[in-house]
Structures are given as structure tokens and as C-alpha cells.
Amino acid sequence: MNFIVKKFTQLEAIKICSWKYEYPYDIYNFPSWEVVKNQKWAMSEPEKRNTQFHSVYSENELLGYFRIVDLKDYYMLGLGLKPEYCSKGYGSKLMKLILEYLSSINEKCCIHLEVREFNERAIKCYERAGFVQKDKYVKETLMGKDIFILMEFNCS
């Protein structure tokens, strides 16, 4: 299955809001598009959607997305994979695509991401891609308070 990066649209943001993960990953379920829009989540704001978000397709199917925020010294990465593709090896392919994409747009190659501590399948995927654990902390999010691990990828 070949992955391709495309522009992230409002229609894709709406689709992602309908994705439903099973327990214990249901913490990643987004609220409805109306709630996302009313609360002004980044994916609902056209400027951020157009500059920070990217969709990932195979054929004509939306498989996932990623968000890159340029924070001067590093990129902050966020990503999501359609629920039915989780735990089937697609996360590793998505990580490879993201790293190739980032290296093609900029030489800066320090990338951070945050992952909930319980999400061992994601942590293993990120470690296989070359990320290392740097810190652990409690963080308040729109979905509630949780323990997060900060992971880092450095090309140099």
C-alpha cells in the first residue's frame, strides 16, 4: 500500500471527527465537528489547517493525518491513523512517510512528539522510527489530564 501526502481540507477534518477508537484508545476520539469548530480547535481554523496539517491517502482513502508545528528549534509533530489501520503495521509506514516529508521541506531535523504513557503500541512504533524518550510529565489537554512522554528524533 502506497501512502501519499495531500493538502488537508475541512472535509477531511470532519471525517476525522467521526473516527472512533476502541478502549483504551477512545481517549483519542474527537468530539463532533460542531464542537471542534465551536471550540476553535486548530484543525477547524483555515490558516492552521492549511499550514500545519497534512492528510495521508492510499488510493482514494484517507488513512491518517499529521500536524507539524514549527517551533524554531524543533518541529512538534502530532499524528493520527484511521482506527481500522491501527496495530497492523501502518503506523511504521506513516512515520517513515512523515520523516521523509519533513526532511524534504527543511534541513532542520529535530522533531518532538508527545504520547500518552499508556499507549505502548505508539511508543514502540515511534521508537522503531528512531525517536527516543526524553521526559515524562502530567499535562492537561482538551480531553483531560494525563501522563505524557516527550519523544525526540534528531537527524544529526
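In this text, all values refer to a predicted model and were calculated from it rather than measured experimentally.

Calculation rules
- Residues numbered from 1 in each chain as written.
- Predicted model: local features only at pLDDT ≥ 70, side-chain atom pairs only at ≥ 80, totals over all residues.
- Heavy atoms only, no water.
- Helix = DSSP H or I, 4+ residues; strand = E, 2+ residues; numbered from the N terminus.
- Contact = heavy atoms within 4.5 Å.
- Axes fitted to C-alpha atoms, helices over the stretch in contact; angles between N-to-C directions.
- Parallel < 35°, antiparallel > 145°, perpendicular 65-115°, else oblique.
- Left-handed = near helix turned anticlockwise from the far one by under 90°.
- Nonpolar A, V, L, I, M, F, W, Y, C, P; charged D, E, K, R; others polar.
- Buried < 20%, exposed > 50% of the residue type's maximum accessible area, 1.4 Å probe, protein only.
- Core = buried A, V, L, I, M, F, W, Y, C linked by side-chain atoms within 4.5 Å.
- Salt bridge = Lys/Arg side-chain N within 4 Å of Asp/Glu carboxyl O.
- Pairing = 2+ DSSP bridges.

Draft legend 1. Representation of the environment of asparagine 29 in the model. Counting through the fold element by element, asparagine 29 comes out in the loop between helix 1 (10-17) and helix 2 (33-38). Spatially, the C-alpha atom of asparagine 29 lies 8.8 Å from that of isoleucine 16, the residues being 13 residues apart in sequence. Those residues in contact with asparagine 29, other than ones at most four positions away along the chain, are Trp19, Lys20, Tyr21 and Met143.

Draft legend 2. How the structure looks around the packing of helix 4 (residues 90-105) against helix 5 (residues 120-128). For the pair helix 4 and helix 5, the least separation of the axes is 9 Å and the interaxial angle reads 45 degrees. The pairing of helix 4 with helix 5 is recorded here as oblique in orientation. Here helix 4 runs over helix 5; the crossing is right-handed. In this structure, helix 4 contributes Gly91, Ser92 and Met95 to the contact, and helix 5 contributes Cys125, Tyr126 and Arg128. The residue makeup of the contact of helix 4 with helix 5, split by class, is 3 nonpolar, 2 polar and 1 charged.

Draft legend 3. Structural context of unusual backbone geometry. Here the residue pair tyrosine 23 and proline 24 is connected by a cis peptide bond, since its omega of 5 degrees sits within 30 degrees of zero. Residue placement: proline 24 occurs in the loop between helix 1 and helix 2. The phi dihedral of lysine 40 falls on the positive side, at around 60 degrees, and the residue is not glycine. On the basis of relative accessibility, which here comes to 59%, the residue lysine 40 falls in the exposed class.

Draft legend 4. Looking closely at the nonpolar core. By size, the foremost hydrophobic cluster in this structure holds 46 residues, and its most contacted members are Met43, Leu77 and Phe131. Of all the elements, helix 4 adds the most residues to this core, at 7 residues. Beyond its immediate sequence surroundings of up to four residues, leucine 77 is in contact with Phe66, Arg67, Ile68, Met95, Ile98, Ile111, His112, Leu113 and Phe131.

Draft legend 5. Representation of the pattern of salt bridges within the structure. Applying the stated criterion across every chain yields a total of 9 salt bridges. Lysine 82 is paired through a salt bridge with glutamate 61; the nearest N and O atoms lie 3.2 Å apart. Of this pair, lysine 82 sits in the loop between strand 4 (75-81) and helix 4 while glutamate 61 is found in strand 3 (residues 61-70), placing the two residues 21 residues apart along the sequence. Using a relative accessible area of 17% as the deciding quantity, one classes lysine 82 as buried. Of the residues examined, glutamate 61 reaches a relative accessible area of 27% and is grouped as partly exposed. Here lysine 82 ties to glutamate 84 by a salt bridge, and the two come within 3.5 Å at their closest N and O atoms. Note on glutamate 84: relative accessible area 41%, which makes it partly exposed. Salt bridges here are not isolated pairs; linked through shared partners, they connect Glu61, Lys82 and Glu84.

Draft legend 6. Fine view of the sheet that holds strand 5 (residues 110-116). Strands sit in the order 1-2-3-4-5-7-6 across an open sheet of 7 strands; the sheet is mixed. At either margin of the open sheet sits one strand with a lone partner, and together these are strand 1 (4-7) and strand 6 (132-141). Each adjacent strand pair in this sheet contributes to an overall mean axis angle of 30 degrees, direction not counted. When strand 3 meets strand 4, the two strands line up antiparallel, connected through 7 bridges. The residue of strand 4 that forms the bridge with glycine 64 is leucine 81.

What is shown is where atoms sit, not what they do.
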